[in-house]
Amino acid sequence: MRTSKKIIIALSLGIFLAAFIVNISESAARKKDEQKDELFKQVEMFAESLGIIKKEYTEEPDTKKLIYGALQGMLSSLDTHSQFLTPEDYAELKVDTTGKFGGLGIEITMKDGLLTVVTPIDDTPAWKAGIKAGDRIVKIDGEITKDITLSDAVKKLRGEPGSEVALTVLRENTANLLDFKIVRSIIKVEDIKDALILEDGVAYIRLAEFRENTPAELDKTLTNLHKEGMKSVILDLRNNPGGLLDAAVKVAERFLPEGKTIVSTKGRDEAQNSEMVSGSRDSYGIPMIVLVNEGSASGSEIVAGALKDHKRALIVGAKTFGKGSVQTVVPLSDGSALKLTTSLYFTPSGESIHNKGVSPDVAVEQAAREQPAALEEEGVKPGKAEDIFDQIEKGNKEQQDKKTVIDYKLDNQLMRSVDILKAISIYEEKKL
C-alpha cells in the first residue's frame, strides 16, 4: 500500500515538473514572439515615416542621406562608442591603423556627451601645445561641438600639414576655458619611445602605443637592457591610448608566468565571451613598476590591470581613463560599416575597466612641467603639402640621429618609481 502511494506521489511530481517545464518553454516562446511582433511594428512605423518624408517634405530628399542619418541616430542612441560609419568614415578609420597620418596627435572620445581628449600622443603638436588628457573640446575653429559626432570631429581636426586649427577646451577641475592654436603635422606613432638604464640597474621603457610590431620590439628592448645590467624595470604607459588588443595581451604575457588570465571579455551573446591567457613565461622575474595616468586607456589598462591583479608589478601614478569596452566593426554592402560595442573588458580579478579605470597602488599626481616649444617654432611653416612633408621628414631624421637624453629627475612620478625600486633592491639585499 505504502509503495503504491510512493509511486502515485512520484508520478504526480513528474507530471507537475513536466507541466512546469512546458509552461516555461511556452512562456519563453511567447515572449520571443512578442519581441518579434514589436520589432516588426517599429520597422513598419519607420517605413511609414520614411514614406511620408519622401512624399510630403518641401523638397525631394536624398534617400541615402535619410537612411544614413537614421543609422547615425540609431547607433549614437546606444552608447558613446557605437557609431555608424559612412564609406568615407570607414576609410578614415582604416587610415588610423597605419600609424602615420596628418593631424594634431590626440585620441578623442565622447564622454558624458562632450568631446573629450583621451590622451595627447607624446611629441605631437597637441602634446607640445599643452593639451591634456580629460580636456573637453567645446569649440573647433570657433564652432561649438555640441551634438558633434566622433567622425565629424576627426574630419574637423585633421587637415593639411602646416595648417592651423583653433581649439577651445574646458579643463577638468577648473572653471576656465582655454584657447589653443595648433599647427597640424604628420603624426607618426612609434611604439617604444625610450629605453635605457636610468641608475642602479633601474631600466626604463616608455611604450607609446600597442601596434602589430610592439611585442617583438619589446623583446629586443628587454634583451638589450638585460645586457646593460637591468635589475628592475619601469614600464611607462602614461598617455598610451591603447591600440591592438592582441599586442597589449602579448606585452602583458612577457611579464607573467604561463597560464595566467590577462583579460576577459563578456557580452550579451556567449560567442562574444572570451578569456585571454598568457602563453609564455616571465623570462626576467625582476621587480617592476607600471606608470599610468588619466591618459592611459584601453590596452594600457589591460596590461596594468593584469600585472596588478597577479601582483607582478606595482602600479604608480594616477587613475587611468576607463575605456573598457570592445567595439566590433561590421562592414556593410555599400562600403559603410557599423562600429558596435559588443562586450566589456574585465581584469583577471573580474573587475570591469569601463568607466572605472585602474587605480594605482601608489598614487602620485604629476607635477606641472613646462611644455616644449610649439611645432611652428621648430621651423615647420604652412605652405605646399610637398614642402611641408619634406620639412617634417627632415626634422624626423635629424631627431632620430640625436641620442635620446631624458632629464628624468624633473619627472616626479618617474623619480618616485625609481626610489621605490631602489628601496626594494636594498631590502632584498638586506634579507640575504
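Just so it is clear, the structure is predicted and the values come from calculations on it, not from any experiment.

(A) Spatial organisation of the nonpolar core. Counting 36 residues, the largest nonpolar core has Leu-235, Val-290 and Val-303 as the members making the most contacts within it. Setting aside anything within four residues of it in sequence, one finds Val-290 in contact with Leu-235, Leu-237, Ala-304, Leu-307, Ala-313, Leu-314, Ile-315 and Val-316. One finds Leu-104, Ile-137, Ala-153 and Leu-157 within the second-largest nonpolar core, a separate group that totals 19 residues.

(B) View of the pairing of strand β12 (residues 232-236). Of all the five residues making up β12, five are buried; the element is thus mostly covered by neighbouring parts of the structure. Every second residue of β12 is oriented toward a common face, with Ser-232, Ile-234 and Asp-236 on one face and Val-233 and Leu-235 on the other, all of them buried. Here five bridges tie strand β11 (residues 202-207) to β12, and the two strands are oriented parallel to one another. Counterpart to Tyr-204 in the pairing with β12 is Ile-234.

(C) Up close: the environment of Glu-190. When you line up the elements, Glu-190 lands in the loop between β9 (185-188) and β10 (192-199). Of the residues examined, Glu-190 reaches a relative accessible area of 36% and is grouped as partly exposed. As a C-alpha pair, Glu-190 and Asp-122 span 68 residues in sequence and 9.6 Å in three-dimensional space.

(D) View of the packing of helix α7 (residues 245-253) against helix α8 (residues 299-309). At a minimum axis separation of 9 Å, α7 and α8 run at an interaxial angle of 25°. The angle between the axes of α7 and α8 places the two elements in the roughly parallel class. Crossing hand, α7 versus α8: right-handed. Between α7 and α8, the contacting residues are Leu-245, Ala-248, Val-251 and Ala-252 on the first element and Gly-299, Ile-302, Val-303 and Leu-307 on the second. Residue composition of the contact of α7 with α8, grouped by class: seven nonpolar, one polar and no charged.

(E) Expanded view of the side chain of Arg-184. Within the secondary structure, Arg-184 sits in the loop between β8 (177-183) and β9. It is Asp-141 that comes nearest to the buried, bridge-free Arg-184 among opposite-charge side chains, at 4.6 Å. Polar contacts involving the side chain of Arg-184 include one to the main-chain carbonyl oxygen of Glu-164, which spans 3.5 Å.

(F) Just the packing of aromatic side chains, in detail. The final tally for this structure, using the stated rule, is one aromatic pair. One Lys or Arg, Lys-111, reaches over the ring of Phe-321 and ends 4.6 Å from the middle of that ring. When the ring centre of Phe-346 is taken as reference, the NZ or CZ atom of Lys-266 above it lies at 4.9 Å.

Definitions and limits used
Residues numbered from 1 in each chain as written. Predicted model: local features only at pLDDT ≥ 70, side-chain atom pairs only at ≥ 80, totals over all residues. Heavy atoms only, no water. Core = buried A, V, L, I, M, F, W, Y, C linked by side-chain atoms within 4.5 Å. Buried < 20%, exposed > 50% of the residue type's maximum accessible area, 1.4 Å probe, protein only. Contact = heavy atoms within 4.5 Å. Helix = DSSP H or I, 4+ residues; strand = E, 2+ residues; numbered from the N terminus. Pairing = 2+ DSSP bridges. Axes fitted to C-alpha atoms, helices over the stretch in contact; angles between N-to-C directions. Parallel < 35°, antiparallel > 145°, perpendicular 65-115°, else oblique. Left-handed = near helix turned anticlockwise from the far one by under 90°. Nonpolar A, V, L, I, M, F, W, Y, C, P; charged D, E, K, R; others polar. Lys, Arg positive; Asp, Glu negative; His and termini not counted. Salt bridge = Lys/Arg side-chain N within 4 Å of Asp/Glu carboxyl O. Polar contact = N/O pair within 3.5 Å; in protein donor to acceptor, adjacent residues only side chain to side chain. Phe/Tyr/Trp six-rings, centres within 6.5 Å; stacked < 30°, edge-to-face > 60°. Lys NZ or Arg CZ within 6 Å of the ring centre and 35° of its normal.

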